[in-house]
Amino acid sequence: MRVYTVHVPPFSHRESDPVLIKEGFSWPAFLFGPLWMLIHRLWLAFTVLVVISLLLGVAADAFGLGQIPQAIVSFTIAVLVGAHGNDMRRHGLARRGYRDGGVVAARNYDEALTRFFDAQPSIRAA
């Protein structure tokens, strides 16, 4: 079973489009960090990542680090983005006014969405 947090959009009379975010490591964030951040509208995280990457690149050149240490630093950053990607996404939704809709455990996204709506009969009837 996977655990999902539910985020309900702001100003929604009918809460039919909640966003479910899986707990745990985000492989898309790990593999496609900056692009993944842009797709999910994480502008601040994207900007911080770009600035940190540029600063680390300048520092690596200044200290004469080879390609292997630079690759290790890049890999470490990618792992950190993957490990905290879903948390960054939750924070981004909260900044945009999404409300916490609770936690749902299910085998997949669709089942989690169904379980959320089944637990909210007033939403389904609206």
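Residues numbered from 1 in each chain as written. Predicted model: local features only at pLDDT ≥ 70, side-chain atom pairs only at ≥ 80, totals over all residues. Heavy atoms only, no water.

Here we come to the sheet that holds strand 3 (residues 99–106). Ordered in space as 2-1-3, the 3 strands form an open sheet in which the pairing is antiparallel. Looking at the sheet topology across the chains shown, the edges are occupied by strand 2 (19–22) and strand 3. Pairwise comparison of adjacent strand axes, ignoring direction, gives a mean angle of 30° for this sheet. In the sheet, strand 1 (residues 2–8) pairs with strand 3 via 7 bridges, with the strands oriented antiparallel. Paired with arginine 2 across the strands is alanine 106, a residue of strand 3. Contacting strand 1 and strand 2, helix 4 (residues 67–95) crosses the sheet at an angle of about 155° to strand 2. Across the sheet, helix 5 (residues 109–118) is in contact with strand 1, strand 2 and strand 3; its angle to strand 3 comes to roughly 120°. (Pairing = 2+ DSSP bridges. Helix = DSSP H or I, 4+ residues; strand = E, 2+ residues; numbered from the N terminus. Axes fitted to C-alpha atoms, helices over the stretch in contact; angles between N-to-C directions. Contact = heavy atoms within 4.5 Å.)

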